[in-house]
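Working through the structure, step by step
What follows is the residue order along each chain.
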Amino acid sequence: MDSWRKNPLVFWVLNLSPSVWLVAFFIVPLALVWVLSFGEKRGLLDVAITGTLDNYARALQPLYLEIFWKSIWMAAAATMVCLIVGYPVAFAIAFAPSRWKPYLLLALMVPFWINILIRTYALIAVFRTRGYVNFTLEWFWDQANSLLGAIGLGGYGLMGARFEPLELLYNNFAVSLGIVYAFFPFMVLPLYANIEKLDRSYLEASLDLGAGHWRTFFSVVFPLTWHGALSGVIIVFIPALGAFFIPDLLGGTDSQLIGNVIERQFKSANDWPFGAALSFLLMYATFGALALRALVVGRKQGLEV
Amino acid sequence: MTAPVRRPHGSPRNLIGPLDYTRRWWMRFLVAATFLALYAPILTLIAYSFNDSRRNIMWRGFTLKYYEKAWNNDSLIDAFVNSLSIAVFSTAVSTLLGVLVAIFLWRFKFPGKSAYEGFMVLPIVIPEICMGVAMMAFFARVGWPTNLTWPFNLGNIIIAHIAFSFPFVAVIVRARMVGFNRELEDAAKDLGASEWQTMRDVVLPYLKPGIVAGGLIAFTLSLDDFVITFFTAGPNTITLPVKIFSMVRFSVTPEVNAASTILIVITVIATVLAMRFQAPQDKQEG
């Protein structure tokens, strides 16, 4: 590697245009939002920068705190599901015969290449009242009902008069499920990377010495791979909070993520200073989480997943 | 990484070893169920774009009429043409910028380099919605004119797409750069090649697979982007994902499935190609 002094012309030719682009079309817009967050709304699009902290204070009002709480809850539940399902899946891929591994990883990645919006939309057909989940349940209901009929209990309506489809869409459950579906590979990949690196003799030792599989998991595997779990949790949880289109497509009237509140301030409510403050709160949360990870994982792994 | 344990010849294959997690039925069941859950909705969506029924419920036979309908839907085609135009311009510029960054970071050390690298990955790590609202506020502040002719009417979206794509290109090209033998560059210079000749005849040919892969990724990122475009686009500059979003909110029709299927096919093909171009280098490393 050369010192930049050795060839200043090449140094500047290489970095000038990307640096200018990044500053002009990324840093400046973000700085503008940051400045806006200290402003006051005067007219329709007129914002006076007064240095007020009102926008941040407003985020602490009970109304918004309640929305945030629910939002965090939905995203956290989804993250937990990703973690609980992700661990065994990552385990299975890591311990699969080496000729299967690339295919299993590929199979995990392919849905991930597909537009996140389209994947969210795809869930509607599966979960609506006349969708596949309900069709499957109805089929089981019919089978059980005719079984009851066959053993002479048909007349009592033990299963209810008829099949009631579950309302799986347009509620908080659907939003959490949508998050799981959209972000699941983000969880498995860092878990896989860590489990793959695990020294298998530790597992063998633990099993040989009489610990069961559960105990081995909690006393050996988890303590050695929780860095991956932490990375996964961060890269699922934070983007999930901003994914406003998931509640828009799958949620009910009162299911909102922080992203929906931000989107509303910019698109319909036209309160840019408040939206700006909220989006910076989300940014601070992101940086906080990344800093936390850097702190516990160590600088060595940096930003790689 | 430990080598896979080879079973001694002649030992019974049906004996499950303690670490043969993939051979346990419950593990297989779980993995199968997960992959089913990942794929079923997408495959259903694709299948129903060919279904001869307006209500995506029962299979009523194969048809291409929803593709025909999508083809005759002017606003959908407009959105698709916009998406492709944006993706082409964004790919061209972000590939160039990404390659410059990759060569720059590979070649030079300078004070504040790790901070510079941190800045370069910022567009990758911050939540998309934050970048989206930043772009919206920025172009409103700049007063980006809305009555320009093609392709300048898409300029604001293209600029935003470049800003989030080129750091990805830089990451991909840099991965390729790692395997480059610097002596080749020194040899070229010793033999009298100028900076520019060395770059053109030695460095860039070596980087080519990485550049192609990076370009393809930039293309899919741009084509696929919903969140940032949603905030940047004006009412007359709709892209395909934004159009799909508004159609889905309005009503769920097989036409949306057809439009989605087209987008899925394009992005999956582009990504497969990108992985192909990156593959030889992975083999060298491994």
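We now turn to the structure provided with this report. Nothing here was measured: the structure is a model prediction, and the numbers come from that model.

**With respect to the overall build of chain B**
- Looking only at helices and strands, chain B has 11 helices and 1 strand in total.
- Walking chain B from its N terminus toward its C terminus, one meets helices and strands in the order α-α-α-β-α-α-α-α-α-α-α-α.
- In terms of overall size, chain B is more extended than a compact globule, its C-alpha atoms giving a radius of gyration of 24 Å where 286 residues would be expected to give roughly 19 Å.
- Principal axes of the C-alpha set define a box for chain B whose edges measure 75 × 70 × 30 Å.
- Sorting the 286 residues of chain B into buried and exposed places 51% on the buried side.
- For chain B, contacts bridging at least 24 residues in sequence account for 69% of all contacts bridging at least 6.
- Carbon and sulfur atoms provide 66% of the accessible area of chain B, an area that totals close to 14200 Å².

**Here we look at the overall build of chain A**
- Counting its regular elements, chain A contains 12 helices and 3 strands.
- By the compact-globule yardstick of 19 Å for 305 residues, chain A is too spread out, its C-alpha radius of gyration being 25 Å.
- Here the C-alpha coordinates of chain A stretch approximately 85 × 60 × 35 Å along the principal axes.
- Expressed as a percentage of its 305 residues, the buried residues of chain A come to 50%.
- Accessible surface, chain A: about 14800 Å² in total, of which carbon and sulfur atoms supply 68%.

**Structural notes on a nonpolar patch on the surface**
Residues and elements named next belong to chain A.
- A contiguous nonpolar surface patch, about 520 Å² in accessible area, is contributed by Trp34, Val35, Ile49, Leu281, Tyr284 and Phe287.
- Of all the secondary structure elements, the ones that give two or more residues to the nonpolar patch are helix H1 (8–36) and helix H12 (272–297).
- The greatest single-element share of the nonpolar patch, amounting to 3 residues, is contributed by H12.
- Along the chain, valine 35 turns up in helix H1.
- Take valine 35: its relative accessible area is 34%, and that puts it in the partly exposed class.

**A short note on the environment of A:Ala277**
Residue and element names in this part refer to chain A.
- Secondary-structure assignment places alanine 277 in helix H12.
- Taking the C-alpha atoms as reference, alanine 277 lies 47 Å from histidine 213; in sequence the two are 64 residues apart.
- Ignoring sequence-local partners within four residues, the contact set of alanine 277 consists of Ser37, Asn55 and Tyr56.

**Quick word on the environment of B:Val256**
- Mapping B:Val256 onto the fold places it in helix H11 (residues 254–285).
- Under the relative-accessibility criterion, B:Val256 is labelled buried at 1%.
- In this structure, the C-alpha to C-alpha distance between B:Val256 and B:Ser49, residues 207 residues apart in sequence, is 7.9 Å.
- Among all residues touching B:Val256, those that are not within four sequence positions of it are A:Tyr121, B:Ile244, B:Met247, B:Val248 and B:Ser251.

**Some details on the side chain of A:Arg200**
All names here are of chain A.
- If you trace the backbone, arginine 200 turns up in helix H8 (residues 200–208).
- Buried within the structure, arginine 200 lacks any salt-bridge partner; glutamate 196 is the closest side chain of opposite charge, at an N-O distance of 4.4 Å.
- From its side chain, arginine 200 meets the backbone oxygen of alanine 94 in a polar contact 3.1 Å long.

**Here's the deal with the interface of chain B and chain A**
- Every contact between the two is made by 86 residues of chain B and, on the other side, 82 residues of chain A.
- Here chain B and chain A share an interface that buries about 7900 Å² over both sides, 78% of which is from carbon and sulfur atoms.
- Connecting chain B to chain A are 3 salt bridges.
- Two residues, A:Asp2 and B:Arg182, come together in a salt bridge whose shortest N-O distance is 3.5 Å.
- Counting the contacts that link chain B with chain A gives 10 residue pairs in polar contact (both at pLDDT 80 or more).
- Broken down by element, the residue count for the side of chain B that touches chain A peaks at 13 residues, all from helix H1 (residues 25–48) of chain B.

**Examining the nonpolar core**
- By size, the foremost hydrophobic cluster in this structure holds 160 residues, and its most contacted members are A:Phe91, A:Phe245, A:Ile246, B:Ile103, B:Ile129, B:Phe226 and B:Phe231.
- Take this core: its biggest share by element is 15 residues, from helix H3 (residues 62–94) of chain A.

**Focus: the environment of B:Ala193**
All names here are of chain B.
- Tracing the sequence through the fold places alanine 193 in the loop between helix H7 (182–190) and helix H8 (195–224).
- Accessibility expressed as a relative area gives 25% for alanine 193, which makes it partly exposed.
- Between the alpha carbons of alanine 193 and valine 173 there is a distance of 23 Å; along the sequence they are 20 residues apart.
- Apart from residues no more than four positions distant in its own chain, alanine 193 is found in contact with Ala188 and Thr198.

About the criteria used
Residues numbered from 1 in each chain as written. Chains lettered and ligands numbered in written order. Predicted model: local features only at pLDDT ≥ 70, side-chain atom pairs only at ≥ 80, totals over all residues. Heavy atoms only, no water. Helix = DSSP H or I, 4+ residues; strand = E, 2+ residues; numbered from the N terminus. Rg over C-alpha atoms; globule rule 2.2 N^0.38 Å. Buried < 20%, exposed > 50% of the residue type's maximum accessible area, 1.4 Å probe, protein only. Contact = heavy atoms within 4.5 Å. Areas by Shrake-Rupley, 256 points an atom, 1.4 Å probe, with all protein chains shown as cover. Patch = residues over 30% accessible without salt bridge, like charges linked within 9 Å, V, L, I, M, F, W, Y side chains within 5 Å. Salt bridge = Lys/Arg side-chain N within 4 Å of Asp/Glu carboxyl O. Lys, Arg positive; Asp, Glu negative; His and termini not counted. Polar contact = N/O pair within 3.5 Å; in protein donor to acceptor, adjacent residues only side chain to side chain. Buried area = accessible area lost by both parts, 1.4 Å probe. Core = buried A, V, L, I, M, F, W, Y, C linked by side-chain atoms within 4.5 Å.

This is a description of form; function is not addressed.
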